[in-house]
Amino acid sequence: MKVTGFTFIRNAITYDYPILEAITSILPLCDEVVVAVGASTDDTLNFIKGIPSNKIRIIQTVWNDNLREGGQVLAEETNKAFAAIAADSDWAFYIQGDEVVHERYHDEILQQMKRWKDNKNVDGLLFKYLHFYGSYDYIGTSSKWYSNEIRIIKNNNKIYSYRDAQGFRKEDNQKLHVKPIDAYIYHYGWVKKPEAMQRKQEDFNKLWHSDEWVDKNVIKAAAFDYSSIDRLQRFTETHPLVMQERIRYQNWIFDYDLSHNSTTWKEWTKQQLKSRFGLDFFYKNYIIV
C-alpha cells in the first residue's frame, strides 16, 4: 500500500500557519508528501525546503488572485497538489496548513486505509474534528463548527477539491462515499497571535469577497478580538507531540469565562438532538456507506 500526502500553502510565516507541524504529523503514514507552495511575499518556500525529510516533494505554484468568489482558489491549489501525486499511490492523505493529526490515531488510520484500500465502493475516509479557538486551551462547541470532513481519498483522477477546499466531490458533482474512522483532525486555524489572526482576517476574506465587501465588513484593528464567540469548552487532553514546541512558546493569553457561553433556543435544540440521538445538522458533503 502506497500513501501520498498532499497540501498547499502560501505566506505561512506572515500568517503564522503551523504548516511544519501539519506536514510532520502525517509523514509517518506517508511514503511521500506533495507540497504545493504558492509564490509568497515571505520566505515560505525556503521554510518548507528546510523541513528535514526526504519524503517531501515541492511543486511551486502561482495563485490566481482573480478567483474571489467562494474561496475557489483554495480548491484550485488543492487540485494542483493532488494532480502531482504519483500514479501508483493507493491513497492520498490531505492536510491543510492549520490541521494536525495526533500520533495516537496513527494505528487506526493505517488499519482503516488497509481495510478499505481495495473496496471500490469506498472513495475516502471521514475524520472527526476538534476546532481550537483563541488559545490551545479551548475548543468551539456550537453547531457552527463542522464535526466531520474527508481527509483521505482514493487516488482517483475523477475526484476533485470542492468549493473552498473543505471537502471533495467526484465527476458529475457526486458526493464521495466514505467510511467514518475513529480519528480526529486538530484544527488550529483560530489559534494564532492576535496580530497574525487580524492580518489573516483582513487578507483571507479577499479570497471570498470583493475589496468593497472586505472594507465594509472586516473590522480594521491592530489585533484580533477573540471575545466574540458563543460557546467554548476547556480542552483537557493532550496535543500532538509535533505541536508541543509551538504551544510552549505561545506568547499570548486568552482566558475565556465559560459562564459567558450563550445558547439560542435553536442552538440548544441542536445540541440536545446531537447528544441524545446522535443527530448532526451540519451540512454533509459526503455519503456514509
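Because the structure is a prediction, the values reported are computed rather than measured. (Residues numbered from 1 in each chain as written. Predicted model: local features only at pLDDT ≥ 70, side-chain atom pairs only at ≥ 80, totals over all residues. Heavy atoms only, no water.)

## Description of the overall build of the protein chain
(1) Moving on: Tallying secondary structure elements over the protein chain gives eight helices and 14 strands in all.
(2) Moving on: Along the first, second and third principal axes, the C-alpha set of the protein chain runs to 50 × 50 × 40 Å.
(3) Moving on: Within the protein chain, buried positions represent 48% of all 289 residues.
(4) Moving on: Looking at the protein chain alone, contacts between residues at least 24 apart form 77% of all its contacts between residues at least 6 apart.
(5) Moving on: The averaged location of the 39 negative side-chain charges in the protein chain is 5 Å from the averaged location of its 38 positive side-chain charges. (Helix = DSSP H or I, 4+ residues; strand = E, 2+ residues; numbered from the N terminus. Buried < 20%, exposed > 50% of the residue type's maximum accessible area, 1.4 Å probe, protein only. Contact = heavy atoms within 4.5 Å. Lys, Arg positive; Asp, Glu negative; His and termini not counted. Charge placed at Lys NZ, Arg CZ, Asp CG, Glu CD.)

## Concerning the packing of aromatic side chains
Two descriptors summarise a pair of aromatic rings, namely the distance from one centre to the other and the angle between the planes of the rings.
(1) Moving on: In this structure the tally under the stated criterion is 27 aromatic pairs.
(2) Moving on: Pairing Tyr138 with Tyr256 gives two aromatic rings, centres 6.1 Å apart and planes at 75 degrees, and the pair type is edge-to-face. Of this pair, Tyr138 sits in strand S7 (residues 138-140) while Tyr256 is found in the loop between helix H7 (244-248) and helix H8 (265-277), placing the two residues 118 residues apart along the sequence.
(3) Moving on: Since its relative accessible area comes to 9%, Tyr256 is described here as buried. (Phe/Tyr/Trp six-rings, centres within 6.5 Å; stacked < 30°, edge-to-face > 60°.)

## A look at helix H4 (residues 106-116)
Residues three or four positions apart in an α-helix share a direction because the helix packs 3.6 residues into each turn.
(1) Moving on: Within the span of H4, buried status applies to His106, Ile109, Gln112, Met113 and Trp116. Taken around the axis of H4, the buried residues stretch over an arc of 135 degrees, which confines them to a single face. Turned more than 90 degrees away from the buried face of H4, the exposed residues are Asp107, Gln111, Lys114 and Arg115. (Arc of directions from axis to C-beta.)

## As for the sheet that holds strand S10 (residues 167-170)
(1) Moving on: Here three strands make up an open sheet; going across it, the order is S9-S10-S11 and the pairing antiparallel. Edge positions in the sheet fall to strand S9 (159-162) and strand S11 (174-175), since each has one partner strand and no second.
(2) Moving on: As paired elements, S10 and S11 share two bridges and run antiparallel to each other. From the neighbouring strand, Lys170 faces S11, where its bridge partner is Gln174.
(3) Moving on: Contacting S9 and S10, helix H3 (residues 72-83) crosses the sheet at an angle of about 150 degrees to S9. (Pairing = 2+ DSSP bridges. Axes fitted to C-alpha atoms, helices over the stretch in contact; angles between N-to-C directions.)

## A word on unusual backbone geometry
Most of the time, phi is negative for any residue but glycine, and the peptide bond is trans.
(1) Moving on: Look at Asn11: it is not a glycine, yet its phi comes out positive at around 50 degrees.
(2) Moving on: Mapping Asn11 onto the fold places it in the loop between strand S1 (3-9) and helix H1 (19-26).
(3) Moving on: Even without being glycine, Arg163 reaches a positive phi, approximately 55 degrees.
(4) Moving on: Summarising the element assignment, Arg163 is placed in the loop between S9 and S10.
(5) Moving on: Note on Arg163: relative accessible area 55%, which makes it exposed.

## Here's the deal with the environment of Ser89
(1) Moving on: The residue Ser89 is located in the loop between H3 and strand S4 (91-94) in this model.
(2) Moving on: For the pair formed by Ser89 and Ser40, sequence separation is 49 residues and the distance between their alpha carbons is 29 Å.
(3) Moving on: Residues in contact with Ser89, not counting those within four places in the same chain, are Lys2, Thr4 and Asn155.

## A few points about the pairing of S4
(1) Moving on: Covered by surrounding structure in S4 are Trp91 and Phe93 together with Ala92 and Tyr94, the residues of both alternating faces.
(2) Moving on: In the sheet, S1 pairs with S4 via four bridges, with the strands oriented parallel. Each bridged residue has a counterpart across the sheet, and for Thr4 the counterpart in S4 is Ala92.
(3) Moving on: Where S4 lies against strand S8 (residues 148-154), three bridges are found, and the strand directions are antiparallel. Looking across to S8, one finds that Ala92 is bridged to Ile153.

Purely geometric numbers; function is a separate question.
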